[in-house]
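Working through the structure, step by step
What follows is each chain in one-letter form.
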Amino acid sequence: ESRTSYAGNGKLAWKDGDKVAVNNKAYDVVSDGSTAYVYVPKASTYTVLYPFELRDGAKRVVLQPQQLYAEGSFGDKALPMYGSGEASTGVTLRAVCGVLKLKLTGSASISSIGITDRAGGALCGFFEYSSGTAPVVSGSDYVSHPSVVLNCENVGGVKLNASGVDFYIVLPAKTYSSGLKISIS
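It should be emphasised that the depicted structure is a prediction, and the values quoted were computed from it without experimental measurement. (Residues numbered from 1 in each chain as written. Predicted model: local features only at pLDDT ≥ 70, side-chain atom pairs only at ≥ 80, totals over all residues. Heavy atoms only, no water.)

The next subject is the sheet that holds strand 9 (residues 66–68). Across the sheet, which stays open at both edges, the four strands sit in the order 9-18-14-21 with mixed pairing between neighbours. The open sheet has two edge strands with one neighbour each: strand 9 and strand 21 (180–184). On average, each strand axis in the sheet is tilted by 20 degrees relative to the strand beside it, whichever way the strands run. As paired strands, strand 14 (residues 112–117) and strand 21 are joined by five bridges and run antiparallel to one another. Looking across to strand 21, one finds that Ile113 is bridged to Ile184. (Pairing = 2+ DSSP bridges. Helix = DSSP H or I, 4+ residues; strand = E, 2+ residues; numbered from the N terminus. Axes fitted to C-alpha atoms, helices over the stretch in contact; angles between N-to-C directions.)

As structure tokens, then:
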């Protein structure tokens, strides 16, 4: 029924055009407005990754250095999800990253929000995922980026107000022992 739900903010629905990797092959999600499904060859077990566009190999995703603002949510195709299961039990997808929520108030117009790991750890680039757990840095071809930007220009900037506007940024789920640096433009 939904792709994900979080913090009481409702559900994000599947939509036509979404692509998932099932057993390492791309399939289009079909939605009739209330139910979403994919047609795949019958198998005894299934592994599923969403979105297919972030897939880089059987167990690796590419977290992008730029995410696009979406009102009340994280940007489209920003949050990778993974699940595995048998045909008899089905598959439940789980997010493999965390989501940082910032609530900003005032009267400014926000064009972007930059997040940097103060310890220099990677916030985007190639990550391995395993059983729906947090991504882990891997491989000798790993490209490290300690920063990620939430671009709000895709909607012409975001005007703040007195009650606050929520911004959601997808980050690797881990403890940031040195903290994060947040730059708001």
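What follows concerns the packing of aromatic side chains. Evaluation of the coordinates by the stated rule reveals two aromatic pairs. Ring geometry for Tyr37 versus Tyr39: centroids 5.4 Å apart, planes at 80 degrees, classification edge-to-face. Judged by its relative accessible area of 32%, Tyr37 is partly exposed. For Tyr39, a relative accessible area of 64% translates into the label exposed. (Phe/Tyr/Trp six-rings, centres within 6.5 Å; stacked < 30°, edge-to-face > 60°. Buried < 20%, exposed > 50% of the residue type's maximum accessible area, 1.4 Å probe, protein only.)

What follows covers unusual backbone geometry. In this chain, Tyr50 is followed by Pro51 through a cis amide linkage whose omega measures -10 degrees. One can find Pro51 in the loop between strand 7 (45–50) and strand 8 (60–63). A positive phi angle, near 50 degrees, is found at Asn23, a position not held by glycine. Among the secondary structure elements, Asn23 is positioned in the loop between strand 3 (19–22) and strand 4 (25–28). The class of Asn23 is partly exposed, set by a relative accessible area of 32%.

As judged from the four bridges shared by strand 3 and strand 4, these two strands associate in the antiparallel manner. By the bridge assignment, Val20 is partnered in strand 4 with Tyr27. Hairpin remark: strand 3 followed by strand 4, antiparallel, with two residues in the connecting loop; positive phi at Asn23, about 50 degrees. Direction of pairing for strand 3 relative to strand 7: antiparallel, over a ladder of two bridges. Bridge pairing in strand 7 links Val22 to Val48.

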